[in-house]
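Inside the fold
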Amino acid sequence: MKIRRRARALALQALFETDAVGHPIGQVLEHRLADEPLPAEGEAFARRLVAGVMRHKATLDAWIARYAPEWPVEQMAIIDRNLLRIALFELAGGGDAPVKVVINEAVELAKTFGSDSSPRFINGVLGSFVAAGSWSRISDADGQAEDADRATVAHAGEQRSGR
C-alpha cells in the first residue's frame, strides 16, 4: 500500500476510535503510529489529516448533512462519517491531492473498512459536494486554535520519539 493511503487508513482508524469510544485523539494516534509506523512524510500527512478533521469537524459535519440529507450525521456509520470528514477536509484545502485522487482514495478505503454500500455512498456524497462547487475553503490561516490542535497531536509524537 502506498504511503499516503496507509496514512489515510491510519488517520481513519484513529478518528474512528475517538468517535466511537471517546479516547483522546493524541493518545490514539500515537498508539496507531507505534503499531503501524509510517515514514516521516506519511506520519506528517496522517497528523495533518487528524488535526484538520478535529479542528474543522463542525464545518465538515455541516457539509455532510447538506450533501447527504437523507442520513443524519450522528446516525451515519462511524466509518462512513469519518471517511467523509477526511475526504472533505482534503477537498476543501486541507490537502494537495487532485479531486479524483481524493475521491478514489476515499472509495478504496470504504471498500476496505466500510460496508458493502459504503463505496457507493461515499462516492455519491463526495461527487455531489464537488459538483456543487460552492463550499468555502478550509485554510491553515485559522490561527492559534488550529495550531493548538496540531500541537496536541504532535506533542504525543515528540514524547514517543524522545524529541
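What counts, and at which threshold
- Residues numbered from 1 in each chain as written.
- Predicted model: local features only at pLDDT ≥ 70, side-chain atom pairs only at ≥ 80, totals over all residues.
- Heavy atoms only, no water.
- Helix = DSSP H or I, 4+ residues; strand = E, 2+ residues; numbered from the N terminus.
- Buried < 20%, exposed > 50% of the residue type's maximum accessible area, 1.4 Å probe, protein only.
- Contact = heavy atoms within 4.5 Å.
- Areas by Shrake-Rupley, 256 points an atom, 1.4 Å probe, with all protein chains shown as cover.
- Arc of directions from axis to C-beta.
- Phe/Tyr/Trp six-rings, centres within 6.5 Å; stacked < 30°, edge-to-face > 60°.

Our next topic: the overall build of the chain. What the chain contains, in helices and strands, is eight helices and zero strands. Ordered by position from N to C terminus, the α and β elements of the chain give α-α-α-α-α-α-α-α. Counting all 163 residues of the chain, 43% fall into the buried class. Taking the contacts inside the chain whose residues are at least 6 apart along the sequence as the reference set, 71% of them involve residues at least 24 apart. As displayed, the chain offers around 8300 Å² of accessible surface, 52% of which is attributable to carbon and sulfur atoms.

If you check which residues of helix α4 (residues 57-67) are buried, you get Leu 60, Asp 61, Trp 63, Ile 64 and Tyr 67. Taken around the axis of α4, the buried residues stretch over an arc of 155°, which confines them to a single face. For α4, exposure combined with an orientation more than 90 degrees from the buried face picks out Ala 58 and Arg 66.

This brings us to the environment of Asn 104. Relative to the assigned elements, Asn 104 resides in helix α6 (residues 99-113). Relative accessible area serves as the criterion here: at 39%, Asn 104 is assigned to the partly exposed category. Spatially, the C-alpha atom of Asn 104 lies 9.7 Å from that of Ala 87, the residues being 17 residues apart in sequence.

Let's shift gears to the packing of aromatic side chains. Inspection of every chain in the model, using the stated rule, returns three aromatic pairs. On the numbers, 5.2 Å between centres and 50° between planes, the contact of Trp 63 with Phe 129 is tilted. With a gap of 66 residues between them, Trp 63 in helix α4 and Phe 129 in helix α7 (residues 118-132) connect regions that are remote in the sequence. For Phe 129, a relative accessible area of 0% corresponds to the buried category. Pairing Trp 71 with Phe 121 gives two aromatic rings, centres 6.0 Å apart and planes at 70°, and the pair type is edge-to-face. Of the two residues, Trp 71 is situated in the loop between α4 and α5 (78-94) and Phe 121 in helix α7; the sequence distance between them amounts to 50 residues. Exposure remark for Phe 121: the relative accessible area of 18% places this residue in the buried category.

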